[in-house]
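What the coordinates show
One-letter residues, chain by chain:
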Amino acid sequence: MSKKVILALDQGTTSSRTIAYNSEGKPIETSQQDFEQIFPKNGWVEHNPKAIWESQLKTIESVLSKNIDVEDVAGIGITNQRETTIVWNRDTGEPIHNAIVWQDRRTASYCDELKAKGHEEMIQEKTGLIIDAYFSATKLRWLLKNVEGAMELAKEGKLCFGTVDTWLIYKLTDGDVFVTDVSNASRTMLFNIRTLKWDRKLLELFDIPKDILPEVKSSSEIYGYTRLFGAEIPIAGIAGDQQAALFGQLCTKKGMAKNTYGTGCFLLMNTGKKPVLSQNQLLTTIAWQINGKTYYALEGSVFVGGAAVQWLRDGINLIDHAKEIEALASSVPNSDNVIVVPAFTGLGAPYWDPYARGSIMGISRGTKKGHIARATLEGIALQVYDIVKAMENDSNMKIKELRVDGGASANNLLLQIQSDIFECDVIRPTNLETTALGAAYLAGLAVGMFKNKKELKKHWEKDAIFEPNTNKEGQLKLIKQWHKAVKRSKNWLED
Ligand SMILES: Nc1ncnc2c1ncn2[C@@H]1O[C@H](COP(=O)(O)OP(=O)(O)O)[C@@H](O)[C@H]1O
Ligand SMILES: O=P(O)(O)OC[C@H](O)CO
């Protein structure tokens, strides 16, 4: 009998998960495990690579212990927090330092130096990225320069660098396989998204010996086998988590877009087989490569999305549970000129202002909790609106519908507000675990459990569609007030 289960490993910033999918793309077993967040200094964020691996391993073992026969597993797909940088010893497999997490800002001043030296244009042209501590290159450089002896070992070919996908595959194959995929490589700032190769000039600029880098593969093929679970299982799909979600939402055609409303928001638009460089501070990234065809995406990230609701809950106790915001915000018909700019950690795309801070404006004697709650949801949706507009401008394409997922997409009012603001349909699928699903699809295609994209499209089911209301005047006023409030929130911290 043919094999009928795919395991998707979803290694996220705060937890590791394994989800088993059947041949209809339905989740049948799940396991999740949190792991420690390490904050050695203000602005520094680290993970212990062994904790990443051990938490992931436990979730795989847990899923396999629940009614799943390992002999039925057709393949493993991996999706991961992106940019997070790990370096380990090639012979022993021992990490030389904790992983430096994507949120870590320790290389911000070096990034300022790079900008001052005029490297911005060259880096955007080659990598599609803007210079920022977010990406792996400056983190890897920091490790090689600050861990004693690391640069010498790297030059002798004795160290391996990887994003989390590479590290997990290295562990799953007991050190046999040292690879990444194009979507993860495109987040390092060392990879040329046009030639699809590590870029010699960038390696020189960051002083990175080439031997430290993994081989770059497509997003859907057999990379190797794991023998850790009592049967030989092919590892057959890799994609960074936001790209995997784009695939899991089946945004496989040019112009299709998804937004994930999690702690932050990540909006990606498939731009087809050619990279589109942004004039509006968005990122150009590789979506995936399948059967030799490379697809690109434009990406915009909002740092504080659902986290604004967390702040209402934990910071000022306006609500006890995140889901209560919907009823509170619905208790008023509009936000009565109140605007919340959730720039708690600065503003991401398209503003990229680390010195901006959050604000609540337009408060009057009549302002009630409901207005603040509603304005918070509007603040999330308006940040997404700004990215959509920048994306439409860069790509010369109109987004006709937005597919959504993530924890806060459970909020119907938020999605209705989103639809009203940018006057397009917002569609929520029944399966909101699109990241893991995308990885399962990529692996399933490689091992033949799924035939082609056409078959996958049959799996996609709509849960709800939010269509725009036509109060155009009201929306325009809101957008105008929003931009006024953003302007006043920018550059708040002067140093
Ligand atoms: N009903 C809701 N309305 C608005 N925000 C919500 C709701 N439920 C959860 N959230 C927010 O969604 C976020 C969690 O989403 P999730 O996708 O699990 O995040 P992540 O994967 O980034 O950890 C939290 O910030 C939470 O405040
Ligand atoms: O782990 P998540 O879901 O917070 O995603 C992190 C992103 O990949 C960072 O670029």
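Residues numbered from 1 in each chain as written. Chains lettered and ligands numbered in written order. Predicted model: local features only at pLDDT ≥ 70, side-chain atom pairs only at ≥ 80, totals over all residues. Heavy atoms only, no water.

Here, the residues flagged by UniProt with the feature "domain: Carbohydrate kinase FGGY N-terminal" (unreviewed entry) are residues 5–248. What you have in residues 5–248 is 32% helix and 27% strand, and the ends, taken at the C-alpha atoms, are 17 Å apart. (UniProt positions renumbered as here; feature names shortened; annotations may be inferred. Helix = DSSP H or I, 4+ residues; strand = E, 2+ residues; numbered from the N terminus.)

This next bit is on the sheet that holds strand β23 (residues 462–466). Read from one edge of the open sheet, seven strands run β17-β18-β16-β15-β21-β22-β23, paired in mixed fashion. Only two strands of the sheet have a single neighbouring strand rather than two, namely β17 (283–290) and β23. Along the sheet, successive strands turn relative to each other by an average axial angle of 30°, direction set aside. By the bridge criterion, three bridges tie strand β21 (residues 401–405) to strand β22 (residues 425–429) in an arrangement that is parallel. Across the sheet, R403 pairs through a bridge with I427, a residue of β22. Of the strands in this sheet, β15 (257–261), β16 (265–272), β17, β18 (293–302) and β21 touch helix α9 (residues 241–248), which is tilted by about 60° from β17. (Pairing = 2+ DSSP bridges. Axes fitted to C-alpha atoms, helices over the stretch in contact; angles between N-to-C directions. Contact = heavy atoms within 4.5 Å.)

Let's shift gears to the site of ligand 2. Every residue close to ligand 2 is listed here: G12, T13, Q81, R82, E83, W102, Y134, D241 and Q242. Between T13 and ligand 2, the recorded distance is 2.6 Å, taken from a side-chain N or O atom to an oxygen atom. Contacts to ligand 2 include R82, whose side-chain N or O atom sits 3.0 Å from an oxygen atom. When the free accessible area of ligand 2 is taken as 310 Å², the share hidden by the protein chains comes to 81%. Its residues assigned to classes, the shell around ligand 2 shows two nonpolar, four polar and three charged. (Near = heavy atom within 4 Å. Polar contact = N/O pair within 3.5 Å; in protein donor to acceptor, adjacent residues only side chain to side chain. Areas by Shrake-Rupley, 256 points an atom, 1.4 Å probe, with all protein chains shown as cover. Nonpolar A, V, L, I, M, F, W, Y, C, P; charged D, E, K, R; others polar.)

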